[in-house]
Amino acid sequence: MENVYDVLKDRGYLKQFTDEEAIKKLLGEEKITFYIGFDPTADSLHVGHFIAMMFMAHMQRFGHRPIALVGGGTAMVGDPSGRTDMRAMMTKETIAHNVACIKKQMEKFIDFSDGKAILENNADWLLGLNYIDFLRDIGAEFSVNKMLAAECFKSRMEKGLSFLEFNYMLMQGYDFYVLNQKHNCKMELGGDDQWSNIIAGINLVRKKKQETVYGMTCTLLTNSEGKKMGKTAKGALWLDPEKTTPHEFYQYWRNVADEDVEKCLALLTFIPMDEVRRLGALKDAEINKAKVVLAYEITKMIHGQEEADKAKAAAEGAFGGSGDMSNLPTTEIEKANLGVSLIDYLTENGILKTKSEGRRLIQQNGMSLNGDKVTDIGFALTEETFKDNETIVKMGKKKFHRIVLK
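Conventions used here
- Residues numbered from 1 in each chain as written.
- Predicted model: local features only at pLDDT ≥ 70, side-chain atom pairs only at ≥ 80, totals over all residues.
- Heavy atoms only, no water.
- Buried < 20%, exposed > 50% of the residue type's maximum accessible area, 1.4 Å probe, protein only.
- Helix = DSSP H or I, 4+ residues; strand = E, 2+ residues; numbered from the N terminus.
- Arc of directions from axis to C-beta.
- Contact = heavy atoms within 4.5 Å.
- pLDDT = per-residue confidence, 0-100.
- Phe/Tyr/Trp six-rings, centres within 6.5 Å; stacked < 30°, edge-to-face > 60°.
- Salt bridge = Lys/Arg side-chain N within 4 Å of Asp/Glu carboxyl O.
- Polar contact = N/O pair within 3.5 Å; in protein donor to acceptor, adjacent residues only side chain to side chain.
- Pairing = 2+ DSSP bridges.

## So, helix α2 (residues 20-29)
Argument step 1. Within α2 the residues assigned to the buried category are Ile23, Leu26 and Leu27. Summarising the axial view, the buried residues of α2 lie within an arc of 90°, below the 170-degree limit, and thus occupy one face. Along α2, the residues that are exposed and aim more than 90 degrees away from the buried face are Glu21 and Glu29.
Argument step 2. Contacts from the buried residues of α2 go to α1 (4-11), β1 (14-17), α3 (47-61), β5 (185-191) and β6 (214-218).

## Quick word on the confidence of the model for the chain
Argument step 1. Summarising the model, the chain shows a mean pLDDT of 87, and 91% of its residues fall at 70 or more.
Argument step 2. Predicted confidence is poor over residues 82-86, with pLDDT under 50, and the contacts of this stretch with residues over four places away or in other chains come to 11 contacts.

## Section: the packing of aromatic side chains
Argument step 1. Scanning the model with the defined rule gives eight aromatic pairs in all.
Argument step 2. Each ring, one from Tyr13 and one from Phe55, has its centre 5.7 Å from the other, and the planes form 15°; the classification is stacked. Here Phe55 lies in helix α3 and Tyr13 lies in the loop between α1 and β1, a separation of 42 residues in the sequence.
Argument step 3. Residue classification places Tyr13 among the buried positions, given a relative accessible area of 0%.
Argument step 4. An angle of 45° between the planes, with centres 6.1 Å apart, marks the rings of Tyr174 and Tyr177 as tilted. Here Tyr177 and Tyr174 lie together in helix α10 (residues 168-183), a separation of three residues that amounts to about one turn.

## Side note on the pattern of salt bridges
Argument step 1. Considering all chains together, one arrives at 19 salt bridges under this definition.
Argument step 2. The partner of Lys243 in a salt bridge is Asp43, and the shortest N-O contact between them spans 3.1 Å. In this pair, Lys243 is assigned in the loop between β8 (235-236) and α12 (246-254) and Asp43 in the loop between β2 (33-38) and α3, connecting sequence segments 200 residues apart.
Argument step 3. A salt bridge links Glu390 to Arg402; the shortest N-O distance between them is 2.8 Å.

## Details of the side chain of His183
Argument step 1. Summarising the element assignment, His183 is placed in helix α10.
Argument step 2. At a separation of 2.7 Å, a polar atom in the side chain of His183 contacts the side chain of Glu120.
Argument step 3. If near-sequence neighbours (up to four positions away) are discounted, His183 is found in contact with Thr33, Arg65, Ile67, Ile118 and Glu120.

## Here's the deal with the sheet that holds strand β9 (residues 330-333)
The pairing of strands in a sheet happens through backbone hydrogen bonds and is either parallel or antiparallel.
Argument step 1. Across the sheet, five strands lie side by side as β9-β13-β12-β10-β11; this open sheet has mixed pairing. The open sheet is flanked by β9 and β11 (372-373), the only strands paired with a single partner.
Argument step 2. For strand β12 (residues 390-395) and strand β13 (residues 399-405), the ladder comprises six bridges, and the chain directions are antiparallel. Of the residues in β13, the one forming a bridge with Glu390 is Val404.

Shown next as structure tokens:
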């Protein structure tokens, strides 16, 4: 019988383990309860969270029970892991709103029916704690020397680590202890940047309950150069269609580097690995077929088949100069506002980040309107610019935008 450990390893998820052989044996012999935490620092999850949910979904497919832990309590403090500065403090109202939004998104990927998964919010046990009791019962089990040596704190030592954030590790460790008591949770999963916090929880359970629990981390979503993926000119690649449109989402994956296609297919889709390797091995222009599969499959999982079909049709129309262009990212312009320069319009509407980017594109013959090169930096939008009250702007090789004349 196939073990989820082998599947996760083959697809490239697994990074660190507390005891690899024991974990492989456990996952092959038992159906365990495990958890992954998500701090509600925004009102949407992003692609960095999506890889964690795929990690969770693979485990669930093999009969293991996930606990999706929303950090309504830990978000009051802020995780210092992987940061060089302190997170902005959020109000309780903002956190509660973010928690509600994130819960809805999680239900798209994890099956919570019939007790197959559990949704918890650590605000339920953290916000009511008595500080003195917590210090005596939990704080006494933590070594400050070991905490200061942890990777999640090292990067903060130069600029200064607040005592508020220093408590985060205790809180995350306490989460594991509570979930172990409440649901017999035996394993914490997380991104590789959570290793120190995971170890803290494992040690706390061992000291308080004399029980062995486990931790396993997932590789972070990085490109072939080791840089984090999922960043766009507008910021994070969000799962919320109001923040990142399905078309923008699709285009991001359609445009990934050739070297990253196989890794993304393995980590972010359920396509069998034989097919992943076949697609990843395509060369030159043929690799674009693999990118289309990647973009379509991820967009379908996040936004549904209808939106994925629209995004694919729009992309094919843009690349081929035909097809349904109405699904491209679109803005409108009133006739009264005609005369504005193209560069000003694109930057004012957030289509380009800066005017200098627009000037550079024009100087390098990288911008066109309805297939015609724009050569004048001061080119202005007029009625003649529009064909059937719309015009398609191409910026660089693969970025398209539709402007509609109202």
